[in-house]
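Chain and residue survey
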Amino acid sequence: MNKPAAARTRRTKPDKALRDFGRAFGGALIFSLPMLMTSEFWQLGFTIDPLKLLVFVTLAFPVLTRLSILIGFEETRSWTEDAVDAAFALLAGALVALILLACFGALTPDMSAREISGKIAIQSVPAAIGALLARSQLGSTDDDSIDAIDDKQETYGGEMFVMAVGALFLGLNVAPTEEVLLIAYRVSPWHILAISALSLGIVHAFVFVVGFKGGSKVEPDRPWWNAFLRFTLPGYMLALAVSFYLLWTFHDAGEVPIRLMVFSTIVLGLPASVGAAAARLIL
Amino acid sequence: MATRKKTKPVNREPDLPTGAQLGEKIEWVAAAISAFLYLALVVYLVGIGLFSPPGAPQLSVVIGEPRRLGGAVLVPFDLTNSGTATAADVVVSASNQTSGGGDVVFAYVPAGSVRRGTMVFRGDKSHTDFQFFVTSFRTP
């Protein structure tokens, strides 16, 4: 038995639980810190429609469960274990949000229960994604479970799901800010067309052209547009769908004129596309 | 076909197994739906780019039904932008002969949208001589 394997054998259950919690806490902290320090997120705690907040947190659970199946804290045997891990990630995310927001003075005892719970609930979702990402991105190289992630067979649906999570994560960083709408207010349809073309170009280049680690290459016997149509375009439309959902949640996108709705969705679609492409490469 | 560098290349030879054929069909269905939606988006953007030239905001205020709350009268109003451009920092001023006036500032009023506000006056509902008007705005 080699040395790392022996070390793994000696690792007790409490040690493992402590290690998993430490990773989850660290991942939540790293990935959610920019959002925890953004005042628009604090305001959303009491301005967001409670029903939308409920939808946001409820939808997060199956997404986190699926993400746990792909890259969770540990190698699991059933989806119920992944559901438990998703709940654990949400708990870690909520704890990070509670501690950090309290440290920043964004949570005080004189606030209403709705404001406090709203602020923590919004932050707990991106933090929980970070907690789950911690395993694949921050896990040590002598960890058996990391190898298991690499060995999992890719599927088209799985790739699209990972792209959607990437779009959700990076889109979440930007969606509540006023700048998304400000850009949409200022620009012409031609600017929006350019942003859309740029977003598509970035997704395709990141995944297929520039040769990033984890990227793909177009097979020489097939034209470039084959991969573009089957992977890049659906990935981009998925990023736009995620962007629209985020704008609906944070800015009432369904209640603004259609022109502004389209413009702001495509504007937010740029960071969401970058997130989708990056997730496709990293995860 | 695209394959990832880290994984084993997928067999795409003519004798594809049924599962792979189904997978490829799903990929092409997703491609067709995405292409249709994207083309619709491009047609829409080109259409408004060609046929909806930039204009100016056109702002108007409509006063709602006043209601009494404690020693004050709350007067709701709708601010409508029926123009073709967004107005920023829109100041709506209101006055009343008996209880003075005040301002409400709206950060943005996009073209074709309505924003709602409320002005608070001292006094009672019998004084209905409220005057509401847009004082200023700027381009975003």
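Residues numbered from 1 in each chain as written. Chains lettered and ligands numbered in written order. Predicted model: local features only at pLDDT ≥ 70, side-chain atom pairs only at ≥ 80, totals over all residues. Heavy atoms only, no water.

To continue, consider the overall build of chain B. When its secondary structure is counted, chain B shows 1 helix and 8 strands. Per-residue burial over chain B gives 34% buried out of 140 residues. The long-range fraction of contacts in chain B, counting pairs at least 24 apart against all pairs at least 6 apart in sequence, stands at 61%. In the form shown here, chain B has an accessible surface area of approximately 8200 Å², with 61% of it arising from carbon and sulfur atoms. (Helix = DSSP H or I, 4+ residues; strand = E, 2+ residues; numbered from the N terminus. Buried < 20%, exposed > 50% of the residue type's maximum accessible area, 1.4 Å probe, protein only. Contact = heavy atoms within 4.5 Å. Areas by Shrake-Rupley, 256 points an atom, 1.4 Å probe, with all protein chains shown as cover.)

Let's shift gears to the confidence of the model for chain A. Residues and elements named next belong to chain A. Across chain A, the average pLDDT comes to 85, with 85% of residues at 70 or higher. Confidence, expressed as mean pLDDT per element, reaches its minimum in chain A at helix 1 (residues 3-10) with 48 and its maximum at helix 10 (residues 189-209) with 93. Taken together, the stretch residues 1-9 has pLDDT below 50 and engages in 5 contacts with residues farther than four places along the chain or on a different chain. (pLDDT = per-residue confidence, 0-100.)

This brings us to the nonpolar core. Counting residues in hydrophobic clusters, the biggest one holds 85 residues, and the most contacted among them are L64, I129, I192, L246, F250 and I266 of chain A together with L45 of chain B. A total of 13 residues in this core trace back to one element, the largest contributor, which is helix 11 (residues 224-251) of chain A. Every residue in contact with I266 of chain A, bar those within four places of it in the chain, is listed here: I192, I195, S196, Y236 and L240 of chain A together with L41 and L45 of chain B. With 15 residues, the next largest nonpolar core counts V73, F77, M119 and F132 of chain B among its residues. (Core = buried A, V, L, I, M, F, W, Y, C linked by side-chain atoms within 4.5 Å.)

In this section: a nonpolar patch on the surface. The grouping of L51, L54, V55 and L59 of chain A at the surface amounts to a nonpolar patch, some 360 Å² of accessible area in total. Mapped onto the elements, L51 of chain A comes out in helix 4 (residues 50-71). (Patch = residues over 30% accessible without salt bridge, like charges linked within 9 Å, V, L, I, M, F, W, Y side chains within 5 Å. Salt bridge = Lys/Arg side-chain N within 4 Å of Asp/Glu carboxyl O.)

Moving on, we come to the pattern of salt bridges. Going through the model one piece at a time under the given rule, you end up with 5 salt bridges over all chains. E159 of chain A is paired through a salt bridge with R280 of chain A; the nearest N and O atoms lie 2.9 Å apart. Taken as a pair, E159 of chain A in helix 8 (residues 156-174) and R280 of chain A in helix 12 (residues 258-282) lie far apart in primary sequence, 121 residues in all. Residue class for E159 of chain A comes out buried when judged on its relative accessible area of 11%. When the shortest N-O distance is used, the salt bridge between D89 of chain B and R138 of chain B registers 2.7 Å. With a gap of 49 residues between them, D89 of chain B in strand 5 (residues 87-96) and R138 of chain B in strand 8 (residues 131-138) connect regions that are remote in the sequence. Since its relative accessible area comes to 39%, R138 of chain B is described here as partly exposed.

The next subject is the interface of chain A and chain B. Residue-level contacts link 45 residues of chain A with 35 residues of chain B. Applying the counting rule to chain A against chain B returns 1 salt bridge. Put simply, E27 of chain B and R230 of chain A hold a salt bridge, and the shortest N to O gap is 2.5 Å. Across the contact surface, chain A and chain B share 4 residue pairs in polar contact (both at pLDDT 80 or more). Looking at the side of chain A that touches chain B, the elements that each hand over two or more residues are helix 8, helix 9 (178-186), helix 10, strand 1 (216-218), helix 11 and helix 12 of chain A. Here the residues of the side of chain A that touches chain B sort into 28 nonpolar, 6 polar and 11 charged. (Polar contact = N/O pair within 3.5 Å; in protein donor to acceptor, adjacent residues only side chain to side chain. Nonpolar A, V, L, I, M, F, W, Y, C, P; charged D, E, K, R; others polar.)

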